[in-house]
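Report on the structure
Read off the chains here:
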Amino acid sequence: MSVLAHRVREAPSSATVRIADRAASLRRQGVDVLDFSAGRAAEHTPAYICDVAVQALHQGDTHQTMAQGKPEFREACARKLARENDLSVDPDTGIIATMGCKQGLLLALMATLNPGDEILVEDPGFVSYQPAIRFCGGVPVPVPLRAENDFRWHPENLEAACTDQTRALLFCSPHNPTGVVHTPDDLAVIAGLAQRRDLMVIADETYERLTWGGRRHTALATLPGMAERTIGLMGLTKSFSMGGWRIGFAYAPRPVIDSMVVLQQHLMTCAGSFAQTGGAAALGDALPASVRALWDDWEKRCRYLVTELDQLPGLACAMPEGGFYAWIDCAETGWDSEALAGHLLQNHHVALVPGAAFGPRGEGYLRMTCVKSWDDLRAGLIRLKTCFSTLSSPIKTS
Ligand code: GLU
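Quick look at the structure, then. Bear in mind that the values here come from a model prediction, so they are computed numbers and not experimental data.

With that settled, consider the site of the ligand. Close contacts around the ligand come from T16, V17, A38, G39, K102, F126, N176, Y207, K238, Y325 and R367, and that covers them all. Between the ligand and T16, the relevant distance is 2.6 Å, taken from an oxygen atom to a side-chain nitrogen or oxygen of the residue. Protein burial of the ligand: of its 280 Å² of free accessible surface, 87% is covered by the chains.

Let's shift gears to the side chain of T333. With respect to the element layout, T333 can be found in the loop between β10 (325–329) and α12 (337–348). Of the residues examined, T333 reaches a relative accessible area of 13% and is grouped as buried. Among the polar contacts made by the side chain of T333, one reaches the main-chain amide nitrogen of W335 at a distance of 3.2 Å. Residue contacts for T333: discarding those within four places in its chain leaves G314, L315, L340, F388, L391 and P394.

A word on unusual backbone geometry. A cis amide bond links D123 with the next residue in sequence, P124, at an omega value of 5 degrees. As for its position among the elements, P124 is in the loop between β3 (118–123) and α6 (129–135). With an omega of 20 degrees, the peptide bond between N176 and P177 qualifies as cis. Tracing the backbone through its elements, the reader meets P177 in the loop between β5 (166–172) and α8 (184–197).

This part is about the sheet that holds β10. In spatial order, the strands read β9-β10-β13-β12; together these four strands make up an open sheet with antiparallel pairing. Of all strands in the sheet, those with a lone pairing partner are β9 (316–317) and β12 (353–354), marking the two edges. Examined bridge by bridge, β10 and strand β13 (residues 365–369) share five bridges and lie antiparallel to one another. By the bridge assignment, D329 is partnered in β13 with Y365. Here α12 sits on the sheet in contact with β12 and β13, set at roughly 45 degrees to β13.

What follows concerns the sheet that holds β5. Pairing is mixed in the open sheet, where seven strands are placed in the order β2-β8-β7-β6-β5-β3-β4. This sheet does not close on itself; its edge strands, each paired only once, are β2 (95–98) and β4 (139–144). Across the sheet, the mean angle separating the axes of adjacent strands is 20 degrees when strand polarity is ignored. Across three bridges, β3 lies against β5 in parallel orientation. In the strand pairing of β5, L120 is matched with L169. Sheet strands touched by α8: β3, β5 and β6 (200–204). Its angle to β5, the strand with the most contacts, is close to 165 degrees.

All right, on to α12 then. Taking 1.5 Å per residue as the helical rise, α12 with its twelve residues ought to reach 16 Å, and the 15 Å between its terminal C-alpha atoms agrees with that figure. Along α12, the positions that sit buried rather than exposed are S337, L340, A341, H343, L344, L345 and H348. Contacts made by the buried residues of α12 are with α2 (15–28), β11 (350–351), β12, β13 and α13 (374–390). Directly beyond the C-terminal end of α12, a positive phi value near 55 degrees is found at H349.

A few words on the pattern of salt bridges. Any two side chains of opposite charge can pair, on the condition that their charged atoms come close. Going through the model one piece at a time under the given rule, you end up with 22 salt bridges. Residue E43 pairs with R301 through a salt bridge whose shortest N-O separation is 2.8 Å. A residue pair is termed long-range when its members are at least 10 positions apart, and E43 in the loop between β1 (34–35) and α3 (47–58) and R301 in helix α11 (residues 289–310) qualify at 258 residues. Where salt bridges share partners, they join R79, K80, R83, E84, E208, R209 and D285 into one cluster.

Each value, and the rule that gives it
- Residues numbered from 1 in each chain as written.
- Predicted model: local features only at pLDDT ≥ 70, side-chain atom pairs only at ≥ 80, totals over all residues.
- Heavy atoms only, no water.
- Near = heavy atom within 4 Å.
- Polar contact = N/O pair within 3.5 Å; in protein donor to acceptor, adjacent residues only side chain to side chain.
- Areas by Shrake-Rupley, 256 points an atom, 1.4 Å probe, with all protein chains shown as cover.
- Helix = DSSP H or I, 4+ residues; strand = E, 2+ residues; numbered from the N terminus.
- Buried < 20%, exposed > 50% of the residue type's maximum accessible area, 1.4 Å probe, protein only.
- Contact = heavy atoms within 4.5 Å.
- Pairing = 2+ DSSP bridges.
- Axes fitted to C-alpha atoms, helices over the stretch in contact; angles between N-to-C directions.
- Expected span 1.5 Å × (residues − 1).
- Salt bridge = Lys/Arg side-chain N within 4 Å of Asp/Glu carboxyl O.

Written as structure tokens, this is what we have:
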């Protein structure tokens, strides 16, 4: 008899985190691995944010905060939502501090799903959505995002996936892994479905500040009638390289926030105190020109990388509309993505994420993080060129 619960026995590991961990342990063993797997930028958190948190630590900001998060942090979140997202949210009743978007997602799912409830998710979609839904007793129902539809929602696919058990929809824009930024028209499709079917929508907006080519992120909650049925998840991990701080926030209708607070009281008590203080500094009214310049440079790195990748034999790659991943079509190589990512890591010491980790519709793709240092991008491209210029057909095992 296994001591383990079904929920963990049957859960896949997270490909993004597992591969990044594998790359880190290979590096510890002295292997010169270039890691483009998880979505972690080369840059550290900007110094002005660290300074605020360090000073706060020395002044005693070392204690648990209100479960909902510090009022100052929530007020900074509310001002940011008003200033950048056209959203008016009450910091006392509509916002909770979370330990990154992943913990915000967990609280949102626990607060809204009953056992057996179905929730629509994207295929391909972020690797942890389906496991997190299952951990909470829900049933993920993948809806295909097809390359021929530009990885956008198709109303007929969405309708076809709905049953009497469908309670919610979870989506990400800018999209991880494909880089699509949903337009107001795309969002209207989701809003229409949610209103017709009386669904909650969880909007993962982790990459909302990272949109390219003059595009802008639109928050689903700004669409008519959607504020009362949207849980928005925002983080500081990506835009401010604050992944290790584990800080983000969720905004939602009051009953949902109230329930997330109860869950937070029991499960984590609160998000980290000085992480909230640093987070409030990051969300402050004036964005330093240096941060804006960094994001502009990230856009250049994305463009450089995808242009170079697109020229390698067997690969095709387009500029993401947002987010910082190259979504590389490798179907022409004939390799399946798991085998190809394994080959790249083992023989060329380059860590990428196989597309299949994002769902069956991700097969035939590899995901590569573009916001590594310029030197690492150049070195990685040399290794990829060596691989793809000499890659023979995969060995068939059956
Ligand atoms: N969300 C990032 C990614 O997709 C970081 C890794 C993770 O949390 O899964 O790579």
